[in-house]
Amino acid sequence: MTNLPAQPVLMSIHSSHVQAFRCATLLVVGTVLFVQAHAAQVTIHTLSDAAPIGFATSEIESALKTHGHSAIRTEAQWPANTSEARIVITTTNDRSTLNALEKTSGETPPVLRAEGFSLRTTGASAAPTIWVIGEDTGGVLYGGLELAEQIRLKGLNAIEPMDRNPHMAMRGTKFNIPLDVRTPSYSDMSDAGQANIGEVWSFEFWTSYLDALARHRYNYVSLWNLHPFPSMVKVPEYPDVALADVKRSKIAFKEDYPTIATELVTEEMLANTETLKKMSIEEKIDFWRRVMQYGKDRNIDFYIITWNIFTYGVEGKYGITDAIDNARTTDYFRKSVREMFRAYPLLRGVGLTTGENMPDEDFQAKEDWAFATYGQGVLDAAKAEPKREIRFIHRQHQTRAQDIALTFAPLVKQPNVDFIFSFKYAQAHALSSTTQTFHRGYAESLGDLKTIWTLRNDDALMFRWGAPDFVREFVKNIPHQPSQGYYLGSDMWVWGREFLNLSSREPRPLEIEKHWYHWMLWGRLGYDPTFSNERIIDLLAQRYSSASAKALFNAWQNASMIYPLTTGFHWADFDFQWYIEGCRSRPGPSQTPSGFHDVNRFITLGTHPGTDNIAIPRYVEAVVANRELDGTTPIEVANEIDKRADAALAQLKDLAQPASTREGASASTTELGDTLRDVRAMALLGKYYASKIRGATQLALYRRIGKVTYREHAIEQLSDAQEFWRAYTTLATSMYKNPIWTNRVGHVDWKELSAEVAKDVAIAREARASTVE
C-alpha cells in the first residue's frame, strides 16, 4: 500500500463570487486536497505526490478545465476555518476528518470494503464541501474518478452523494501476450499476434492500456503465455535459458497451419526470424518492473498464467524437455516460478492450467506435477518473503476442487498465499446468454475455497460491441458466494494495438481504445451493477457531442444483441467451433471442408443450455406431432434478431452525421463515423442470421414433411440471407483488412465465404424430402 502523510490535505475553492462555484472533495488515504479559485482559477493543495493521488488529481483537473477552470497545484495548508467551498479527500481511518463530517451534519460512510468509497456534500450551497471517503488507496482512486466524471458531465453544482463497494473484488483482463516467436502465446499464429509482438515491449503501450483499465475500474492484468520464463527471468541454476532480444518469424504462414498448441511454432519459423528489438534479459526484467510499477500506481496488479507443459525457448538446454517424468524439467519449472517472484517484487501471483501438452496422463499425475513445479516454486517464494502476499490461481475444467486442494494442501495452508481456482464460466462465448449453466456442480464442489471466472470473448473481435443491459444482467447472475472476481479476454485475439482499420490514422489506437465501450461496460458493471443507463447515455453524449446519445445508445445495444441472440441459438462451446463474425469454425465442427457453417449445420447444431431456445430438429418434430413446446421457437428467435436489427438500422437514420462533419478526407476516419459503420455492420449481420435461421427451419420442415411451400420459403429466406451477407461483407471490407488470419478458426475471408453463402440457396433448391405430402 502506498505510504501517505498522516495529515489531511484539502482542496478548497476561493472566489470573489463564491456563489458561482460548488466544490468537490477528493479523499485519498489519509490525505485531503484544497482547491482555491479566483474567477476560473482552481488551486489544488496537496501534501502528497503518491501516484494514485496524482492520477486522480489529474483526472479532476482535466474535468475542471472542461468547465473553464484552470488548475494550479500547491502545498499550502488549508485554514481550519474557512467560508470557501472545498473538496476533501480522505479514508475511513482518518477519524479527525470523519468527525468533522459528523459535526457538519454530514452522513458518515457505511461499512466500506476494500476499494469502496463514499461521496458526501455538506454546507451551504454558496460554500459546500464535497467529501470523497475511500476505504483504501483503491477506494480513493475510484472515488476520485467518480468525482471527476460527475464534474465533467454535470459541473461542480450537481455532485451526487453515493456509497459504493465493488460487486466483484477482482476485475481483470486476460491478455494472451506474444512475447517472442521463441516464447509464444496461444494467439501468436494470427495477424493479431504477429502485429503485437513489438507492441507488448513498448512502455507507451502499457501506460495507455493501464490508464484505460483504471478508468474502467479493472484492478488486475493476467498475462497468458505458453512458456514465459526465458523472456522474463534469468534463472541462476539455468542461466543459458534466458533469451536476449525480441524476435518475430519472417515466415508467411499457411492456411493449413497446425491446430494443436504444441505445433504452433515450427522449426522452419524459428530458423527464419527478424529482431524487432535489441534487449538483454536484464533490460527485459527492468522493463516489466516498470510496467508493474505503473500498474500498481493505477491500483492494478499483474499475474503470469501458463497452460503447461511447454518448453519453448529452451531448445533442449540442460536436458530440459516437455516430458512429465523428466526430473530436470520439474526442477527447472520450480526454479523459474521462484525466480519470477524474485525478479518482480510487485508480481501479485501466478496461475496455471493442468492438462495442456500433457497427453496420456491421468488427473492425479498432472496435479502432482503441477504441485512439484508451480506449487513448490510459489512455496519457495512465499517462505523466503513471509510478509509478501501471493495469490496462486489454479485453473480447472472439472468438479474436483477438493482433490486438487488436497494435492496442494501445503500451499493452501501457507499463511501468505491465497489459493483460488479459475473456471470457464461461459466456455469461449460470454456473448451468448445472461444465464450460464456450466459452473453448476463446480461451484458446489468448492467448499470454502473461492474462484475467479474466465469470461471469454471470442466473438466481438472486429466490431465495436456494446449492450449494457446484457452485461448488467450477466454480471448479476454470476453466483456471488464462491466468486472472487473474473477476467475478460480471448484466446483468438491479442488485445494490443488495432491493426485492421483501412483508414486509421497513425499511431493506431489501442484495441481497448477502439473497443472502449465494450471494455468499459464489463469493468464498470463488474464494480457496480447499478452503473445506470442514464449515466452511460451521458457519457455517450459527452464523447459524441454531434450525435443523439439516446439514439446511439439504443442503436448500439440493439445491434450488439445480435451476438447473444444468434450464438444462444446456434451454440458451440469453444472458440475453434464458432466465430460469429465470419460464420465459420474449423472444418471439423462445421462439418464442411471450408469451415463455413452452412444451412445444414444451422439445422443440426444445438442451442445454449442457459436459454429456452428450441433447436430446429425438436421444433420440426413438434410441428409434425402438432404438439406445443415450452420455449422460444427458431422462428421466434429469428423474429427477435430481425426486430433488433431493424430497430438499429432505423435508429441509425437519426444518427447520420451532419454534412459539415463529412467534408474533407478525414471524415471517414472519425471515431463516431467508424462506430456508426460498425453498428450498421452488426445489424446487417443480424439480418443475415435471421433469414438464415428461418431458411434452415423451413428447409428442415420440407425434408421432414415434404410440403413444397416449405422449400419455396427456404429458398426465399436463404436468398434474402445471401443479399444481407453481401451488404454486410461489402461494408465490412470497406472498413477492415480482408482476409484476417486467426489462430483458432484459420483464415476468415469474407469474399471467399460469399461463395459458401450462395451454396445454401443451392442446398435448398436441391433438397429432397423424406416423405412427400
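Structure's up top.
Residues numbered from 1 in each chain as written. Predicted model: local features only at pLDDT ≥ 70, side-chain atom pairs only at ≥ 80, totals over all residues. Heavy atoms only, no water.

### Looking at unusual backbone geometry
The condition is simple: What counts as a helix is a DSSP run of H or I of at least four residues, what counts as a strand is a run of E of at least two, and both are numbered from the N terminus.
Cis geometry is found at the peptide bond from Glu-506 to Pro-507, where omega equals -10°. Geometrically, the link from Asn-738 to Pro-739 is a cis peptide bond, its omega value of 0° lying close to zero. With respect to the helices, strands and loops of the structure, Pro-739 is situated in the loop between helix 26 (708-735) and strand 21 (740-742). Not every positive phi belongs to a glycine, and Asn-299 is a case in point at roughly 65°. Within the secondary structure, Asn-299 sits in the loop between helix 8 (281-296) and strand 15 (301-306).

### Section: the pattern of salt bridges
Our working definition: For this analysis, a salt bridge means a side-chain nitrogen from Lys or Arg found within 4 Å of a carboxyl oxygen belonging to Asp or Glu. Relative accessibility under 20% of the residue-type maximum defines a buried residue, over 50% an exposed one, and the middle range a partly exposed one, all with a 1.4 Å probe and only protein chains included.
On inspection of all chains with the given rule, the structure shows 47 salt bridges. Across the pair Asp-286 and Arg-290 runs a salt bridge, and its minimum N-O distance is 3.7 Å. Pair noted here: Asp-286 and Arg-290 are both in helix 8, with a separation of four residues, about one helical turn. Using a relative accessible area of 37% as the deciding quantity, one classes Arg-290 as partly exposed. Bridged by salt links that share partners, the residues Lys-174, Arg-456, Asp-458, Asp-491, Asp-575 and Arg-744 form one connected network.

### Here's the deal with the layout of surface pockets
What counts, and what does not: Cavities and pockets are found on a 1 Å grid laid over the protein atoms alone: a cavity is a set of points where a 1.4 Å probe fits but cannot escape, a pocket is an open set with protein on both sides within 12 Å along at least five of seven lines, and a lining residue has an atom within 4 Å of such a point. Grid points are joined across faces, edges and corners, and a volume is the space filled by probe spheres set on the points. Classification convention: Asp, Glu, Lys, Arg as charged; Ala, Val, Leu, Ile, Met, Phe, Trp, Tyr, Cys, Pro as nonpolar; all other residues, Gly among them, as polar.
Here the largest pocket is characterised by a volume of approximately 960 Å³. Among the residues making up the lining of the largest pocket, the classes are represented as 13 nonpolar, 10 polar and 12 charged. What the second largest pocket holds in volume is close to 490 Å³. Taken together, 19 residues make up the lining of the second largest pocket; nearest its centre are Glu-149, Arg-215, His-216, Trp-516 and Arg-543. If you list the elements that add at least two residues to the lining of the second largest pocket, you get helix 3 (137-154), helix 5 (203-215), helix 15 (511-514), helix 16 (516-527) and helix 17 (533-543). Partitioned by chemical class, the residues of the lining of the second largest pocket number seven nonpolar, three polar and nine charged.

### Some thoughts on helix 18 (residues 549-560)
Keep this limit in mind: One fewer than the residue count of a helix, multiplied by 1.5 Å, yields its expected span. We call two residues in contact whenever any of their non-hydrogen atoms come within 4.5 Å of each other.
Taking 1.5 Å of rise per residue, the 12 residues of helix 18 would be expected to cover 16 Å, and the 16 Å separating its terminal C-alpha atoms lies within 8% of that figure. Listing the buried residues of helix 18 in full gives Ala-549, Ala-551, Leu-552, Phe-553, Ala-555, Trp-556, Gln-557, Asn-558, Ala-559 and Ser-560. Tucked inside the fold, the buried residues of helix 18 contact helix 14 (468-477), helix 16, helix 17, helix 19 (562-569), helix 23 (634-653) and helix 25 (671-705).

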